[in-house]
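# A structural walkthrough
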Amino acid sequence: MNIIDARNVNTAVQWAIPYLLKNGIEETSRNGKVLVAPTPVTTIYNRPQERVLFSPLRDANPFFHLFESLWMLAGRNDVAFPVQFNKRFAEYSDDGKTVWGAYGWRWREFFGYDQLQKIIDELRANPTSRRCVLSMWNGADDVGTMLESHVDPSVSDLQVALAGGKDVPCNTHAYFDVRGGKLNMTVCCRSNDAIWGAYGANAVHFSILLEYMAEQVGVPMGVYRQMSNNFHVYLDIYNREQLENIAEEAGRTNLYNVYEDMPTIPLGSTDLLWHHDLEQFLEGSVDLSRATFFSQVAAPMYEAWFKRKEGRTQEAITALERMAYCDWQVAALDWVTRRHKEKQNAA
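Residues numbered from 1 in each chain as written. Predicted model: local features only at pLDDT ≥ 70, side-chain atom pairs only at ≥ 80, totals over all residues. Heavy atoms only, no water.

Right, let's talk about the confidence of the model for the chain for a bit. Overall, the prediction assigns the chain a mean pLDDT of 92, with 94% of residues at 70 or greater. Counting contacts from residues 145-152, a segment whose pLDDT is below 50, to residues more than four positions away or on other chains yields 12 contacts. Here residues 157-163 scores under 50 on pLDDT; set against residues more than four positions off or in separate chains, the count is 17 contacts. (pLDDT = per-residue confidence, 0-100. Contact = heavy atoms within 4.5 Å.)

Written out as structure tokens, the structure is:
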């Protein structure tokens, strides 16, 4: 077991990628050539609220990462919302409408009860509990060989699901515990792409989950540990030189280290209207009269996304400049500006 004990996701990329390049074993997979760590890898985020990766080379999409996280907290599994921010999301749907392995749906609906609320209630009543296990994997339905005929209209959605489906959870379980007065979380992942999974989507999705749970339990955030049983990178996507450059740049552009006062605006989920605001946001409506995470962060980013898609880049930038100053604002402005420059250079 190798341990990456990092301050935040930027530090993790800076340290973990060189480890993989030095110690990884080249193998083949159904998605191409991979470089796999010889043992499981656990990444420890000591400041999980510092969840934004600033590397221009990696070019993580802050809009998609944040909005998908909020979609998860709502317990949704529809394609309609996230596909607005990532067209490829539809490729993971078996029926064109829903995603079988959607984490949020599995947290709140799939097993017949709201697992998050159950854990919150348990930790409020018994802070020393060691039984707070969040399940995302369902062995009865997620194990199986994909049906080659899954695109055949005669094959039912249920048959596809029972054969594994196009999308099954990579992250299988999470454990929550309160120690030293703080809520910690350990996430277990069966197969983890370091670039797109562990230090891309997972670092955002699960740190936001931890923040939400900590607020609901009524204690500060502790550490977030990500145990990756199969930790790898796809060499057909990034070659070794590119991976070296991403690792170097992640350390150099780690703005949390440069600006110690860079704020990370809390979700504020203890607000009695927070869950209502979440549902309203996912439907495209936000109460701007109240200073909330949605009005200060999510709504301006949502507006900017669609302004940019319509080709109104300056209006998108203006919307982002109205945001409260925070890590999401910096990342979103950089992302939009890079794309605008790329488009101008290609013209």
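All right, on to the packing of aromatic side chains then. The full count for this structure, using the stated rule, is 30 aromatic pairs. Considering the side-chain rings of Trp196 and Tyr238, the 6.4 Å spacing of their centres and the 25° angle between planes classify their relative orientation as stacked. Of this pair, Trp196 sits in helix α7 (residues 194-217) while Tyr238 sits in the loop between β10 (231-234) and α8 (240-252), and the two are 42 residues apart along the sequence. Residue Trp196 is classed as partly exposed on the basis of its relative accessible area, which comes to 42%. Arg58 extends its terminal NZ or CZ atom over the ring of Trp196, reaching a point 4.2 Å from the ring centre. In this structure, Arg106 is placed above the aromatic ring of Trp100, and the distance from its NZ or CZ to the ring centre is 5.2 Å. (Phe/Tyr/Trp six-rings, centres within 6.5 Å; stacked < 30°, edge-to-face > 60°. Helix = DSSP H or I, 4+ residues; strand = E, 2+ residues; numbered from the N terminus. Buried < 20%, exposed > 50% of the residue type's maximum accessible area, 1.4 Å probe, protein only. Lys NZ or Arg CZ within 6 Å of the ring centre and 35° of its normal.)

Among the residues of helix α12 (residues 313-321), those classed as buried are Thr313, Ala316, Ile317, Ala319 and Leu320. Seen along its axis, α12 keeps its buried residues to an arc of 160°; they face one direction. Facing away from the buried side of α12 by more than 90 degrees, the exposed set consists of Gln314 and Glu321. Along its buried surface, α12 packs onto α2 (62-73), α11 (293-309) and α13 (327-346). (Arc of directions from axis to C-beta.)

Attention now goes to the nonpolar core. If you look at the biggest cluster of nonpolar residues, it comprises 105 residues, and the most contacted ones within it are Phe63, Trp107, Phe176, Tyr199, Leu209 and Met301. If we ignore the near neighbours within four places in the chain, the residues touching Tyr199 are Ile4, Val9, Ala12, Val13, Ala16, Thr43, Tyr45, Leu53, Ala194 and Phe231. (Core = buried A, V, L, I, M, F, W, Y, C linked by side-chain atoms within 4.5 Å.)

Turning our eyes to something else, we now look at the pairing of strand β6 (residues 171-179). Bridge analysis of strand β5 (residues 133-135) against β6 gives 3 bridges, and the strand direction is antiparallel. Note on β6: the bridge partner recorded for Leu134 is Ala174. In this sheet, strand β7 (residues 182-189) lies alongside β6 in antiparallel orientation, the contact comprising 8 bridges. Bridging across to β7, Arg179 finds its partner in Lys182. As consecutive antiparallel partners, β6 and β7 are separated by 2 residues, and within that stretch Gly180 has a phi angle of approximately 60°, a positive value. (Pairing = 2+ DSSP bridges.)

Next up on the list: a nonpolar patch on the surface. On the surface, Val258, Tyr259 and Tyr325 cluster together to form a nonpolar patch covering roughly 310 Å² of accessible area. Along the polypeptide, Val258 turns up in helix α9 (residues 255-258). (Patch = residues over 30% accessible without salt bridge, like charges linked within 9 Å, V, L, I, M, F, W, Y side chains within 5 Å. Areas by Shrake-Rupley, 256 points an atom, 1.4 Å probe, with all protein chains shown as cover. Salt bridge = Lys/Arg side-chain N within 4 Å of Asp/Glu carboxyl O.)

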